[in-house]
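For reference, the chains in residue letters:
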Amino acid sequence: MQQILNYILKNSILLLFLLLLGISLTLTIQSHSFHRSRTISSTNAVTGYLFGEVNSLEEYLDLKNQNDKLAEENAQLKKLLFNTQDTLNTSTTNIPDVKGNFNVIQSKVISNPYNAHENYLTINNGTNDGVKPDMGVISSFGVVGIVEKVSPKYATVISLLNTKFKLAAKIKKSNHYGFLTWDGKNAGYAQLIDVPRLAVVKKGDTIVTGGRSDIFPENIPIGTIDKVYINKETNYYTLNVRLFNDMTSLGHIYVIENEDRNEIIELETETKDE
C-alpha cells in the first residue's frame with residue numbers, strides 16, 4: 001500500500017494532467033455533436049474489429065467440432081448412396097452406382113504406420129459402436145482397408161498397404177476383374193494382378209471395387225492405371241495402380257457394414273456343401 005501511495009505522490013503532476021485531460025475530453029464530446037459522433041464511430045470501429053477477431057478465434061478453435069460434424073453428415077450421405085440405386089451417369093461422377101443393405105459408421109484413424117510390409121491402422125471406434133471384423137473401411141477418396149480385430153472402443157484395420165491385403169477389383173470401363181494387392185514398395189501405388197489378356201487396358205483407366213466382394217459396395221474408387229505389365233509366368237496383366245487415397249495421411253474414415261453379408265456367406269456355404 002505504501003508503495004502505491006509513493007507512486008501516486010511521485011507522479012502526481014502527470015496523473016493530475018491525465019485526469020484533467022480526461023475531464024476536458026469528456027466535456028468536449030458531450031457538448032459538441034460532431035465530436036460525439038466521431039467518438040462513437042471510432043469506438044464502434046474498434047469494438048467491431050475486436051468482436052471480429054474474437055469470432056475468428058472462436059471459429060478456429062471450433063474447427064475440430066465442425067470437422068467431426070461434417071464427417072458424421074458424410075457418413076449419413078454415404079449410407080444413403082450405398083442403399084439407393086444411383087440414377088446419375090456414373091461414368092462422369094465419383095458416386096458408386098450401388099444398391100444394397102449397408103450401414104456406415106464414421107470413425108477416425110489414430111495410428112497409421114506405413115513403413116513396414118504388413119501395416120495396420122488403428123481407429124477410435126469398436127464393438128460399442130457396432131464395428132466388427134471383416135468390415136470395409138474407406139475414406140472420401142476410396143478404399144483404405146478391412147477391419148481385422150476389435151475391442152470395445154478401438155479396432156485395427158489391415159491396411160491396403162499390407163502385403164497380405166487382397167481384394168477383388170475391376171477396371172470400371174470394361175468390368176474385367178483382378179485382385180488388388182500391394183508389393184510393399186511404394187505407398188502411393190498398389191497392383192491389380194491376374195487381369196485377363198482379353199481386357200482392354202489403358203493408362204488412366206479407373207480401378208474400382210468389384211461386385212464379387214461381400215465387404216465393400218461395388219464401384220468404390222481405388223485409383224487409376226499407371227503402368228501395364230505382362231506376367232510372363234501366368235500370361236495375365238499386372239496393372240500398377242496409382243491410388244486416389246494418400247495412405248500416409250488419413251484422418252476421418254468410414255466403416256462399412258454389409259448387413260446381408262452373413263446371409264450371403266451361409267447361402268454360399270450351403271451351396272458348396274451340396
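Look up: the structure comes first, before these words.
Residues numbered from 1 in each chain as written. Predicted model: local features only at pLDDT ≥ 70, side-chain atom pairs only at ≥ 80, totals over all residues. Heavy atoms only, no water.

Asker: Hey, could you run me through the overall build of the protein in this one?
Answerer: Looking only at helices and strands, the protein features 5 helices and 12 strands. Of the contacts formed within the protein by residues at least 6 apart in sequence, a portion of 56% connects residues at least 24 apart. Accessible surface for the protein amounts to roughly 17,200 Å². Of this, 55% is attributable to carbon and sulfur atoms. (Helix = DSSP H or I, 4+ residues; strand = E, 2+ residues; numbered from the N terminus. Contact = heavy atoms within 4.5 Å. Areas by Shrake-Rupley, 256 points an atom, 1.4 Å probe, with all protein chains shown as cover.)

Asker: I'm lost on the sheet that holds strand β8 (residues 189–195) in this one. Help?
Answerer: The sheet built from 6 strands closes into a barrel, its strands ordered β6-β7-β8-β11-β10-β9 with antiparallel pairing. Ignoring strand direction, the axes of neighbouring strands in this sheet form an average angle of 40°. Sheet topology note: the strand β9 (residues 206–209)/strand β10 (residues 221–230) ladder contains 3 bridges and is antiparallel. Across the sheet, residue T206 finds its bridge partner in β10, namely T224. (Pairing = 2+ DSSP bridges. Axes fitted to C-alpha atoms, helices over the stretch in contact; angles between N-to-C directions.)

Asker: So what exactly am I meant to see when it comes to the sheet that holds strand β12 (residues 252–258) here?
Answerer: The strands making up a sheet are joined through hydrogen bonds of the backbone, oriented either antiparallel or parallel. Strand order in the closed barrel made by the 6 strands is β1-β2-β5-β4-β3-β12, with antiparallel pairing throughout. Ignoring strand direction, the axes of neighbouring strands in this sheet form an average angle of 45°. Alignment of strand β1 (residues 102–111) against β12, held across 7 bridges, turns out to be antiparallel. Bridged to F102 within β12 is N258.

Asker: Just checking my understanding: could you explain the pairing of strand β4 (residues 143–150) for this structure?
Answerer: In the case of a regular strand, side chains alternate between the two sheet surfaces. Bridge count between strand β3 (residues 136–138) and β4: 3 bridges; the pairing is antiparallel. Directly across from G136, in β4, lies its bridge partner I146. The loop that links β3 with its antiparallel partner β4 comprises 4 residues; one of these, G142, has a positive phi angle of about 150°. Relative to strand β5 (residues 155–162), β4 runs antiparallel, the two sharing 5 bridges.

Asker: Where do I start with a nonpolar patch on the surface in this structure?
Answerer: A cluster of nonpolar side chains, contributed by L16, L19, L20 and I23, occupies part of the molecular surface with about 390 Å² of accessible area. Within the secondary structure, I23 sits in helix α2 (residues 12–31). Since its relative accessible area comes to 43%, I23 is described here as partly exposed. (Patch = residues over 30% accessible without salt bridge, like charges linked within 9 Å, V, L, I, M, F, W, Y side chains within 5 Å. Salt bridge = Lys/Arg side-chain N within 4 Å of Asp/Glu carboxyl O. Buried < 20%, exposed > 50% of the residue type's maximum accessible area, 1.4 Å probe, protein only.)

Asker: How should unusual backbone geometry be read in this particular structure?
Answerer: A negative phi angle is the norm for most residues apart from glycine, just as the trans form is the norm for most peptide bonds. In this structure, D194 takes a positive phi of about 60° despite not being glycine. Relative to the elements of secondary structure, D194 occurs in strand β8. By relative accessible area, D194 is classed as partly exposed at 33%. Of note, the phi angle at N235 is positive, near 65°, even though the residue is not glycine. Among the structural elements, N235 can be located in the loop between β10 and β11 (237–243).

Asker: Sorry if this is basic, but what is going on with the packing of aromatic side chains here?
Answerer: The way to describe two aromatic rings as a pair is by their centre distance and the angle between their planes. Following the criterion strictly, the structure yields 0 aromatic pairs and no others. Looking at K166, its charged tip hangs above the ring of F179, at a distance of 4.8 Å from the centre. One Lys or Arg, R197, reaches over the ring of Y237 and ends 5.5 Å from the middle of that ring. (Phe/Tyr/Trp six-rings, centres within 6.5 Å; stacked < 30°, edge-to-face > 60°. Lys NZ or Arg CZ within 6 Å of the ring centre and 35° of its normal.)

Asker: Any chance you could explain the pattern of salt bridges here in plain terms?
Answerer: Note on pairing: side chains with opposite charge can pair once their charged atoms come close. For the structure shown, the criterion picks out 4 salt bridges. Note that E218 and K170 form a salt bridge whose closest N and O atoms lie 2.6 Å from each other. With a gap of 48 residues between them, E218 in the loop between β9 and β10 and K170 in strand β6 (residues 167–171) connect regions that are remote in the sequence. The class of E218 is partly exposed, set by a relative accessible area of 29%. Residue classification places K170 among the buried residues on the basis of a relative accessible area of 4%. Between K173 and D205 there is a salt bridge, and its shortest N-O distance comes to 3.6 Å. Residue K173 is located in the loop between β6 and β7 (177–181), and its partner D205 is located in the loop between β8 and β9; the two are separated by 32 residues in the primary sequence. D205 gets classed as buried once you look at its relative accessible area, which sits at 5%.

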